[in-house]
Amino acid sequence: MNTIELTLEIDGTAPMSASVVETVTAFCDRVHDHGGPGVARFALSGTPGEGWSREVSVGLVTKWERTVRRLEQLPVTTVALVSGDCGGTALDVLLTADVRVAAPGTRLILPMAGGATWPGMTLYRLVQQAGAGAIRRAVLLGAPIDADRAVAARLLDEVTDDPAPVVAGDRELAVRRLLLSEAATTSFEEALGAHLAACDRALRKAAVS
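Residues numbered from 1 in each chain as written. Predicted model: local features only at pLDDT ≥ 70, side-chain atom pairs only at ≥ 80, totals over all residues. Heavy atoms only, no water.

Let's shift gears to empty space enclosed by the protein. It is the rolling of a water-molecule-sized probe over the atoms that shows where space remains empty. Within the structure shown, the criterion is met by one cavity of 30 Å³ or more. Computed from the structure, the largest cavity encloses a volume of approximately 90 Å³. Lining of the largest cavity is provided by 13 residues; of these, Gly88, Thr89, Asp92, Pro111 and Trp118 occupy positions nearest its centre. Take the lining of the largest cavity: its biggest share by element is four residues, from helix H3 (residues 88–94). Counted by class, the lining of the largest cavity contains nine nonpolar, three polar and one charged residues. (1 Å grid on protein atoms, 1.4 Å probe; cavity = no way out; pocket = protein on both sides within 12 Å on 5 of 7 lines; lining within 4 Å. Points joined across faces, edges and corners; volume = space filled by probe spheres on them. Helix = DSSP H or I, 4+ residues; strand = E, 2+ residues; numbered from the N terminus. Nonpolar A, V, L, I, M, F, W, Y, C, P; charged D, E, K, R; others polar.)

Running from N to C, helix H4 (residues 121–130) and helix H5 (residues 132–141) cross one another at 150 degrees; their axes reach a closest spacing of 8 Å. Judged by the angle between their axes, H4 and H5 are roughly antiparallel. Residues Leu123, Leu126, Val127 and Ala130 of H4 pack against Ala132, Ala134, Ile135 and Val139 of H5. Its residues placed into classes, the contact of H4 with H5 shows eight nonpolar, no polar and no charged. (Axes fitted to C-alpha atoms, helices over the stretch in contact; angles between N-to-C directions. Parallel < 35°, antiparallel > 145°, perpendicular 65-115°, else oblique. Contact = heavy atoms within 4.5 Å.)

As a further point, take the pattern of salt bridges. For the coordinates displayed, the defined rule picks out five salt bridges. Across the pair aspartate 29 and arginine 70 runs a salt bridge, and its minimum N-O distance is 3.1 Å. With a gap of 41 residues between them, aspartate 29 in helix H1 (residues 18–34) and arginine 70 in helix H2 (residues 58–72) connect regions that are remote in the sequence. Residue aspartate 29 is classed as partly exposed on the basis of its relative accessible area, which comes to 34%. Across the pair aspartate 85 and arginine 107 runs a salt bridge whose closest N-O atoms are separated by 2.9 Å. In this pair, aspartate 85 sits in strand S3 (residues 77–87) while arginine 107 sits in strand S5 (residues 107–109), placing the two residues 22 residues apart along the sequence. With a relative accessible area of 32%, arginine 107 lands in the partly exposed category. Look at the salt bridges and you will find they share partners, linking Arg69, Glu72 and Arg125 into a network. (Salt bridge = Lys/Arg side-chain N within 4 Å of Asp/Glu carboxyl O. Buried < 20%, exposed > 50% of the residue type's maximum accessible area, 1.4 Å probe, protein only.)

Moving on to the layout of surface pockets. Approximately 1000 Å³ is the volume found for the largest pocket. Every residue lining the largest pocket is counted, 32 residues in all, and those nearest its centre are Glu72, Gln129, Arg177, Leu180 and Ser181. Looking at the lining of the largest pocket, the elements that each hand over two or more residues are H2, H4, helix H7 (171–183) and helix H8 (188–208). With ten residues, the single largest contributor to the lining of the largest pocket is H7.

Right, dumping it as structure tokens:
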């Protein structure tokens, strides 16, 4: 089966909407319909301006968070290419990616809503991935996280003038992502089967390489 390569563009300046939910849902459907290995690239930039949340409902937020979760669980390698200020829906998508590459000058920004930073699941992912101390000022004070600090906090992998990494479309990277995400909340006995299955695939692959 041919390797698929798809690109999803997210403009973080646009507020959360039914349209962006539909766009990301359709993207996920295309990946799943292909059913084979591949690379899903996310082109991300922008952060929403003041008043972005006025037309947003809890129901819409729920649909969006479920859609972002689908991105996080795609069975292909996911690569985020980010530039400029990145917030809102763009930041949500960035934090789901396996590989994250930023242009110089990139900043991660939690948008404001109701007089404080937006308390969506991006806050949860920031804490899970970087630790509460590393993102405390961003969450409590709305302070931007510049590219160098984001790399130090393990929120970005690389800052480069040429953000176009070549990444193989190996399904096993998605498997490692799943094992990584489940390790903190799954018991040894529950995790053992999944890890043994991954080991078996790795051994089979190594034997024919």
